[in-house]
Amino acid sequence: MRLPTARAEMNVFEAILARRSVRSYTAQEIDRATIQTLLEAAVRAPTAMHQEPEAFIVIQDRPLL
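Residues numbered from 1 in each chain as written. Predicted model: local features only at pLDDT ≥ 70, side-chain atom pairs only at ≥ 80, totals over all residues. Heavy atoms only, no water.

Trainee: An account of helix H2 (residues 32-44) is requested, with residue identities and associated values reported.
Mentor: Since there are 3.6 residues in each turn of an α-helix, residues three or four apart along the chain are aligned in direction. Helix length check: H2, at 13 residues, gives a terminal C-alpha distance of 19 Å against a target of 18 Å (1.5 Å per residue), a fit within 8%. All of the buried residues along H2 are Thr34, Ile35 and Ala41. For H2, the buried positions fall inside an angular range of 125 degrees around the axis, keeping them on one side. Across from the buried face of H2, at angles greater than 90 degrees, the exposed residues are Arg32, Ala33 and Arg44. Taken together, the buried residues of H2 touch helix H1 (12-17). The residue sitting at the N-terminus of H2 and contributing the capping side-chain oxygen is Asp31; that oxygen lies 3.2 Å from the backbone nitrogen of Ala33. (Helix = DSSP H or I, 4+ residues; strand = E, 2+ residues; numbered from the N terminus. Expected span 1.5 Å × (residues − 1). Buried < 20%, exposed > 50% of the residue type's maximum accessible area, 1.4 Å probe, protein only. Arc of directions from axis to C-beta. Contact = heavy atoms within 4.5 Å. Polar contact = N/O pair within 3.5 Å; in protein donor to acceptor, adjacent residues only side chain to side chain.)

Listed below in structure tokens is the structure:
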């Protein structure tokens, strides 16, 4: 996964640790492996009071969005 930083490349966990709100999106599609890695990390993220609610929807179809 490439992110616009001073370094040429950053792995997904470094990106999560350095996270920030992003509200300017690109039209670039994310590959399936990156999406899978992000979902695996999200499932393991701590939750409030360990209630573990999870529901994720990945939409890459522009017209559907």
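Trainee: For the environment of Arg62, give the residues involved together with the corresponding values.
Mentor: Inspection of the secondary structure assignment puts Arg62 in the segment after H2. The class of Arg62 is exposed, set by a relative accessible area of 51%. Taking the C-alpha atoms as reference points, Arg62 and Ala27, 35 residues apart in sequence, are found 8.8 Å from one another.

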